[in-house]
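Reading the structure
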Amino acid sequence: MNEGGLTGERTSAARPPGVPWWATVALTWLVHALADDEPWNHAETGDIRFYAAWLPVLWQGRFPADDQAWQYPPGAALPMLLPDLLADGDMARYFHGFVGLVLLTDLAVFLLLVRAGARGGSVLGAWFWTFAIPLLGLICYARIDVPVTALAVAALVAPGPVLGGVLIGVGTLIKGWPILLLAGYRRWRGTLTAGLAALAVTGLGALAAWAYLPGAFGFLEQQQERGLEVEAVAATPLLLTRPLGSPLEVKYRYGSWELVGPHVDTALLVCQLGLVAGGLFLLACWWRACWSPPVLADFALTAVLISMVTSRVLSPQYLIWAAGLAAACLTRRDTSQRPVAALLLACCVLTQVEFPILWDGIFDRGPAVAVVVAARNVLLTWATLWAGVRLWRSTRGGRDRAASRPAADRCSPDSRNAGHLIPGTCDNVGRSSAAGTG
């Protein structure tokens, strides 16, 4: 007996994919190791060269705020500096040290998913992660996004909102996007508890960086100046016109390749309007939701997908975030996001085809890469809309639905294990109406 597919139901327990995880990691690296003696010179590993170039400034206790490519919160310096402790300035050793760090966090995500799957009734999340990373390619091991995703997954499977909030705070200090995970906690107590924990960690870390490390917040100015990245969802119609002779140009600005020319401002306005609409939807969903164990991860995935499709920037490594959160969703049999996860796997495949396989076509006005990017963005937008619809349907019912649940069900061991997610659990029976929970 085995587990059903991404869109099916689990029929029985399945064995975690330990051997396949090792095999996919080894195969990914074997393919690239045979290609070049200097793997850091590949397009998908080029960011490691940036990290290495920033090391002298970072070791001096400053941030490279005058470099337009520096787009990171102050906590991002930590995963960049750690591999250099053993590298001693040698690029090859730094490269392998950085990749080793990412591999360890990759393994940590896998083990977290296996453990969460044992509690949630499904190892499908571990299987999903095992194959999503190689489908995205070597870029996963050459960015700081896997370590941040590990913190996000750990927060989602944490036993309570305090620890979850602390992990969210640490992740926010490194990359920023994990703050969106707070949207999935149960109103009001869960949100307040996790939010205060995250705020304490983020606030203290940011205050220390501001007081002792010059340039810690230079990235904010760089972020404000960013334009429309060529891979962004809103850039898709403009990108498709380039092979037809459009005057749009691609220029390197603020750490990414951006479209410059007519109608770009309109696309940026669409991003802003989409972000407002997505935020209002999440607020409405949060306000009326009937909470249950899978809601935290389902809500987090939906929130991050909305932020991705409405962003001015959509780099290939952003799919790592979605993959990690989708995998966390799939550790539960009752998640609403299985079909969304299937679409995200397809997005991972198209993303690797776009970058690095067809990437040169971006500069040559090639039609193939434009079509692939467009197809990926259509699938990603479809996944986002579907995630929102399924989240809305799975959380409808509000207080009436929660009240109709048997007391034995509401006080089940599963409810106590995820008590920060469920209304009317043993620690707040009789208080849910006063607290405003579902």
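Residues numbered from 1 in each chain as written. Predicted model: local features only at pLDDT ≥ 70, side-chain atom pairs only at ≥ 80, totals over all residues. Heavy atoms only, no water.

1. Notes on the packing of helix α14 (residues 318–329) against helix α15 (residues 338–357)
We count it as follows: Interaxial angle, 0 to 180 degrees, is taken between N-to-C directions of lines fitted to C-alpha atoms, where a helix line uses only the stretch in contact. Runs of H or I in DSSP of at least four residues are treated as helices and runs of E of at least two as strands, each being numbered from the N terminus. Relative orientations are named as follows: roughly parallel for angles under 35 degrees, roughly antiparallel for angles over 145 degrees, roughly perpendicular for angles from 65 to 115 degrees, and oblique for any other angle. Whether a crossing is left-handed or right-handed is set by the direction in which the near helix is turned from the far one by less than a right angle, anticlockwise for left-handed and clockwise for right-handed. Note on definitions: a residue-residue contact is assigned when non-hydrogen atoms from the two residues lie within 4.5 Å. Residue type decides the class: Asp, Glu, Lys and Arg count as charged, Ala, Val, Leu, Ile, Met, Phe, Trp, Tyr, Cys and Pro as nonpolar, and the leftover types, Gly among them, as polar.
α15 packs onto α14 with a crossing angle of 155 degrees between their chain directions and a minimal axis gap of 10 Å. The angle between α14 and α15 falls in the class roughly antiparallel. Considering the relative orientation of α14 and α15, their crossing is left-handed. Of α15, the residues touching α14 (which contributes L319, A322 and A326) are A341, L344, C347 and T351. Residues belonging to the contact of α14 with α15 are distributed by class as follows: six nonpolar, one polar and no charged.

2. Section: unusual backbone geometry
To keep it simple, the criterion reads: Between buried and exposed lies partly exposed: a residue is buried under 20% and exposed over 50% of the maximum accessible area for its type, with that area taken using a 1.4 Å probe on protein chains only.
Cis geometry marks the peptide bond from F355 to P356, where omega comes out at 15 degrees. With respect to the secondary-structure elements, P356 resides in helix α15. Even without being a glycine, D88 presents a positive backbone phi close to 55 degrees. Structurally, D88 is set in the loop between α4 (84–87) and α5 (91–120). Residue D88 is classed as exposed on the basis of its relative accessible area of 67%. Here the phi dihedral of R365 falls at roughly 60 degrees; this positive angle occurs in a residue that is not glycine. For R365, the position within the fold is in the loop between α15 and α16 (367–394).

3. Overview of the packing of α5 against helix α7 (residues 145–156)
For the pair α5 and α7, the least separation of the axes is 8 Å and the interaxial angle reads 20 degrees. If you check the angle between α5 and α7, you find them roughly parallel. Crossing hand, α5 versus α7: left-handed. From α5, V102, T105, D106, V109, L112 and L113 reach across to α7, where they touch V146, P147, A150, V153 and A154. For the contact of α5 with α7, a count of residues per class yields nine nonpolar, one polar and one charged.

4. So, the pairing of strand β3 (residues 256–260)
Each regular strand displays side chains that alternate between the two surfaces of the sheet. To keep it simple, the criterion reads: The rule for pairing is simple: two strands pair if DSSP sees at least two bridges between them.
By the bridge criterion, two bridges tie strand β1 (residues 228–229) to β3 in an arrangement that is antiparallel. Bridged to E229 within β3 is E258. Of the strand pairs in this sheet, strand β2 (residues 249–253) and β3 are connected by five bridges, and their pairing is antiparallel. Considered in β3, the bridge of Y252 is made with W257. Taking the residues that link successive antiparallel strands as the turn, the β2-β3 hairpin has two residues, and the phi of Y254 there is positive, at about 50 degrees.

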